[in-house]
Amino acid sequence: MSYYDDLLKKIPKIKKLLDNDSDSVIYHYTKPEKMLEIISHNSIRFSNVLYLNDKEEVAYSYKLIIKLINETPSLNEELFEKISNHFKNKYRHIVDGSGELLNNLEYFTTSFSSDNDNLTLWNNYAKGKNYTGYNIGFNKKKLIKEMTENNYLPIYGSVIYDRAKQSKIIRAIFKKWNSLFEKASKSKRANKVKLFDIMFELVDVLNIVSIFFKNPQFKSEREYRIVIVNAFGADNSKQTKVVEKNGLFVPYLEYIFNKDSVSSVNIGPTFDENIFYMSANRMLLNFGYENIEVQRSKIPLRY
């Protein structure tokens, strides 16, 4: 049992809201050249969340946390002034390139969707009628089980887009850890170590939950995320790699998955769907994926 499993057990309603433990398939959308790389090496990249394409996407949750702290005067001032400063610092680090990170914990994620034929996502990978995107369907339970067995200790769940629901979750977390802090503060055995541990837990749980919050305008993507926490520089940390992307040097973790966690490959909308279909089947056979179902998009093309 990992530290983060124990932490999420303290907020069971929220954990269940993120994932209902169903035996479903999640779909990783990608370009054809990336698809070939994933299938040929049985590997998928988990990128550091601080270096996602849109820095405002990462900062979205931090702004919400700070806003809700300011709107809740009943919170313990000693605790939540530190929490507010922590997330203000993270926001400045991302948006302005200033401020310092307070610890060496890094969060790596890769994105899936619960929808295997999503027009919004297909549009991210289509380049005219002769170039289309793909997605790879992973059996969610199998993938998470094998990652856990390989000591990657994934944290997972559906992205929450509803602003009211996001606020309700954050307020519930505030309430629980505010109560723990005040109770510990009033205890005859109160000590700085105990109070620091409570603050550290609160920062951790807010960091984790905030990764699953996104601006409501992206709700059509129906995103599902798997997150890996890595302590950069620690003796037991996973080895990170770096790739250049749009001028940024993005740290990532490479995860080697079992072939049997792949359940399907889906082809985006294209006029020449028959040749794409045959090509995808032949490619899969080449790399030992013999029983993978290849499906074609049912979304009609219009030019």
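Calculation rules
- Residues numbered from 1 in each chain as written.
- Predicted model: local features only at pLDDT ≥ 70, side-chain atom pairs only at ≥ 80, totals over all residues.
- Heavy atoms only, no water.
- Helix = DSSP H or I, 4+ residues; strand = E, 2+ residues; numbered from the N terminus.
- Buried < 20%, exposed > 50% of the residue type's maximum accessible area, 1.4 Å probe, protein only.
- Contact = heavy atoms within 4.5 Å.
- Areas by Shrake-Rupley, 256 points an atom, 1.4 Å probe, with all protein chains shown as cover.
- Lys, Arg positive; Asp, Glu negative; His and termini not counted.
- Charge placed at Lys NZ, Arg CZ, Asp CG, Glu CD.
- Salt bridge = Lys/Arg side-chain N within 4 Å of Asp/Glu carboxyl O.
- Axes fitted to C-alpha atoms, helices over the stretch in contact; angles between N-to-C directions.
- Parallel < 35°, antiparallel > 145°, perpendicular 65-115°, else oblique.
- Nonpolar A, V, L, I, M, F, W, Y, C, P; charged D, E, K, R; others polar.
- Core = buried A, V, L, I, M, F, W, Y, C linked by side-chain atoms within 4.5 Å.
- Phe/Tyr/Trp six-rings, centres within 6.5 Å; stacked < 30°, edge-to-face > 60°.
- Lys NZ or Arg CZ within 6 Å of the ring centre and 35° of its normal.
- Arc of directions from axis to C-beta.

### Notes on the overall build of the protein
- Scanning the protein from terminus to terminus reveals ten helices and ten strands.
- For the protein, the C-alpha atoms occupy an extent of roughly 75 × 40 × 35 Å along the three principal directions.
- Here the protein holds 303 residues, and 46% of them are scored as buried.
- Put simply, of all contacts in the protein between residues at least 6 apart along the chain, 82% involve residues at least 24 apart.
- Of the roughly 16,400 Å² of accessible surface on the protein, a fraction of 50% belongs to carbon and sulfur atoms.
- Side-chain charges in the protein split into 45 positive and 36 negative, and the spacing between the mean points of these groups amounts to 5 Å.

### Observations concerning the pattern of salt bridges
- As enumerated under the stated definition, the model contains twelve salt bridges in all.
- A salt bridge links Lys140 to Asp19; its shortest N-O distance comes to 2.8 Å. Here the residue Lys140 occupies a position in helix α7 (residues 140–149), and Asp19 occupies one in the loop between α2 (12–18) and β1 (25–30), the gap between them amounting to 121 residues. Asp19 shares its class with Lys140; the two are buried.
- With its nearest N and O atoms 2.6 Å apart, the salt bridge here joins Glu223 to Lys214. Lys214 carries the same exposure label as Glu223, and that label is buried.
- In this structure, a network of salt bridges that share partners links the residues Lys214, Glu221, Glu223 and Arg225.

### Observations concerning the packing of helix α8 (residues 163–186) against helix α9 (residues 192–210)
- Contact geometry of α8 with α9 gives a least axis separation of 9 Å together with a crossing angle of 175°. By the angle class used here, α8 and α9 are roughly antiparallel. On α9, the residues touching Ile169, Ile170, Ile173, Phe174, Trp177, Leu180, Phe181, Ala184 and Ser185 of α8 are Lys194, Leu195, Ile198, Glu201, Leu202, Val205, Leu206 and Val209.
- Its residues assigned to classes, the contact of α8 with α9 comprises 14 nonpolar, one polar and two charged.

### With respect to the nonpolar core
- One finds Ile83, Tyr107, Ile173, Phe174, Leu202 and Leu206 to be the most contacted residues of the largest nonpolar core, which totals 47 residues.
- Every element with two or more residues in this core is listed here: α1 (3–9), α2, α4 (55–70), α5 (77–95), β3 (105–113), α8, α9 and β6 (223–231).
- For this core, the leading source of residues is α9, giving nine residues.
- In contact with Ile83, other than residues within four places in its own chain, are Ile69, Met199, Leu202, Val203 and Leu206.
- Among the nonpolar cores identified, the runner-up in size contains 31 residues, and Ile136, Phe257, Val262 and Ala280 belong to it.

### Notes on the packing of aromatic side chains
- Tallied over the full model, the rule gives eight aromatic pairs.
- In textbook terms, an aromatic cluster arises when at least three aromatic residues are bridged by ring pairs, as seen for Phe112, Phe138 and Phe257.
- The ring centre of Phe218 lies 5.1 Å from the NZ or CZ of Lys214, which sits over that ring.

### Some thoughts on the environment of Ser261
- Structurally, Ser261 is set in the loop between β8 (248–256) and β9 (262–267).
- For the pair Ser261 and His41, spaced 220 residues apart in the sequence, the C-alpha separation amounts to 14 Å.

### Topic: helix α3 (residues 32–41)
- For α3, the full list of buried residues reads Met35, Ile38 and Ile39. End-on view of α3: buried residues confined to an arc of 90°, all on one side of the axis.
- On its buried face, α3 is in contact with β1, β2 (43–48), β4 (134–139), β9 and α10 (273–286).
- Following α3 by one or two positions, Asn42 adopts a phi angle in the positive range, close to 50°.

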